[in-house]
Amino acid sequence: MDDLLSKYSEAIQALFARTTGSIKPGLERTEALLEKLGSPHRQLSTIHIAGTNGKGSVVATCEALLRARGLVVGRYTSPHLIDFRERVTVNGKPMFEEEVFEFLERWIPTAEKLGATFFEVTTALAFDWLAKREVDIAVIETGLGGRLDSTNVLTPRAATVTSIGLDHMDLLGDTLELIAKEKAGIYKPSVPAVVGEPAPAIRDLLAKTASDIGAKPIIVLDDAYTIGDVKVTASGTSFTLATRDPPPRGTSAMAEGAKDPQQITTPLIGEHQARNTAIAIATVTAVGKEYLPPPREISKALASVFLPGRFQRHGKFIFDVAHNPDGARTVAQTIRAIDPPAPRTAVVAVLSDKDWRGIIRELGPAVDRFVFTNAPSAPLERKWDPAEALTFAKAQGFAAEVEPDIDAALARAEKDSKTVVVAGSFHTVGDAMARLQVSPFAA
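This report concerns the structure included in the present document.

1. Considerations on the sheet that holds strand E16 (residues 400-402)
Taken together, the 6 strands give an open sheet; going across it, the order is E12-E13-E17-E14-E15-E16, and neighbouring strands pair in mixed fashion. Of all strands in the sheet, those with a lone pairing partner are strand E12 (312-314) and E16, marking the two edges. Averaged over neighbouring strand pairs, the angle between their axes works out to 20° when direction is ignored. Here 4 bridges tie strand E14 (residues 344-348) to strand E15 (residues 369-372), and the two strands are oriented parallel to one another. Bridge pairing in E15 links Thr345 to Arg369. Against the sheet, helix H14 (residues 386-395) contacts E15 and E16, and its axis sits at roughly 170° relative to E16.

2. A few points about the pairing of strand E2 (residues 73-76)
Burial along E2 is two-sided: the residues Val73 and Arg75 and Gly74 and Tyr76 are all buried. As judged from the 4 bridges shared by E2 and strand E5 (residues 137-141), these two strands associate in the parallel manner. Of the residues in E5, the one forming a bridge with Tyr76 is Ile140. Strand direction decides the pairing type here: E2 and strand E3 (residues 88-90), joined by 3 bridges, are antiparallel. Note that in E3 the partner of Gly74 across the bridge is Val90.

3. Overview of the pairing of E15
Side chains of E15 alternate between two faces, with Arg369 and Val371 and Phe370 and Phe372 buried alike. Of the crossover connections in this fold, the one passing from E14 over helix H13 (residues 356-363) to the parallel E15 is right-handed. Each parallel crossover has a hand, and for E15 linked through H14 to E16 it is right-handed.

4. Details of helix H8 (residues 200-213)
Between the first and last C-alpha of H8 there are 20 Å, a value that for 14 residues agrees with the 20 Å anticipated at 1.5 Å per step. Every buried residue of H8 is listed here: Ile202, Arg203, Leu205, Leu206, Ala207, Thr209 and Ala210. Buried positions along H8 lie against strand E6 (158-161), helix H7 (176-183), strand E7 (193-195), strand E8 (218-220) and helix H9 (221-224). Immediately downstream of H8, the backbone of Gly214 shows phi near 100°, a positive value.

5. Quick look at the side chain of Thr160
Relative to the helices and strands, Thr160 resides in strand E6. Accessibility expressed as a relative area gives 0% for Thr160, which makes it buried. Within the structure, Thr160 has its side chain in polar contact with the side chain of Thr283 (distance 2.7 Å). Residues contacting Thr160, with those up to four places away along its chain left out, are His48, Ile49, Ala50, Ile186, Tyr187, Val194, Ile279 and Thr283.

Quick notes on the rules
Residues numbered from 1 in each chain as written. Predicted model: local features only at pLDDT ≥ 70, side-chain atom pairs only at ≥ 80, totals over all residues. Heavy atoms only, no water. Pairing = 2+ DSSP bridges. Helix = DSSP H or I, 4+ residues; strand = E, 2+ residues; numbered from the N terminus. Axes fitted to C-alpha atoms, helices over the stretch in contact; angles between N-to-C directions. Contact = heavy atoms within 4.5 Å. Buried < 20%, exposed > 50% of the residue type's maximum accessible area, 1.4 Å probe, protein only. Right-handed = clockwise from strand over helix to strand, strands pointing away. Expected span 1.5 Å × (residues − 1). Polar contact = N/O pair within 3.5 Å; in protein donor to acceptor, adjacent residues only side chain to side chain.

Take a look at the structure:
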């Protein structure tokens, strides 16, 4: 067993080393690699999810709803927190280490010849394994963007864009409109398109882009559903969801009243999770109403939702991968809603190319102090300067200190606080969870 784990670890390191470089937009390398694998993506029935924030929650919720119908459900997400195998699961169970090793040993030389990137190889591995497992349906999350994302070789049963925010602007564009158009690239002709974005102007742009592509039907969440009575507690989020007859897209008319209100509870914590849950319900319904549990059984189905690193609580720790100001604002709102014990310390490390100033501004009012640190797994070229963050935080009036070693930062925060929030990136949360022996897999 130790020998296998060693081989698995070496194979993952080789994958990083041989295929990690600058991001290469385009689908041609993914398509070429998949063709050599026998085009497994064409055998898969899929749901495709894109968005700046919320897509992980929507993927996990879709999976829970589908599994409640007795289906064998695959899931492909990124990045991972601790173990590469988190990225690809079937009914919540990851690939065996041996399966990962055998695939990489066989296909890395071919991937190198094609010039495939890390994410392209991982996508090919995911589609190949999910097809071999003969899943009934797979829920697939884009890695970055949509139009040129490796996963966009799919023709899904439904395609959903959750929300649009300013992130990855160097690759996707520097305005919400440009980013929206990239994310909307997952919409396909004659495939149902779900629009989850709450802001009217961007929502309308997404719907128009879907229409121009020929997607149908186009389900705009705020036209098709009403969400009300949202209540957030330390154990989850409850809300009322009702349907309404949507007006034709492009009109400002809104249907009167709401029909069939139902009370729904999800274990995911935060006011935003009511909307994410509604987006998932709309998405599964778009695939076919027979894929959705009966209304009275939806909350029971959602009880199994598990999403590591998204306001995940473990003792006095709260882990959240918030890596942009929108995500940090959501974390701050959720902290205020459930009011965990004070004093509260935020242990934060952010990648240098992210808006770490915006993250600090949003989180600061919800905690009593910051401890800025480093994430050991973060790429060297993207490591931030905690001392610069300290200067900025103090100038904003926030109590803050620097502890470069993450082990010492976690120990200091745990000793001096009743609540410790770990945030800033997948690297930060994954490194902290590994050290605190918190599993990224459902129990």
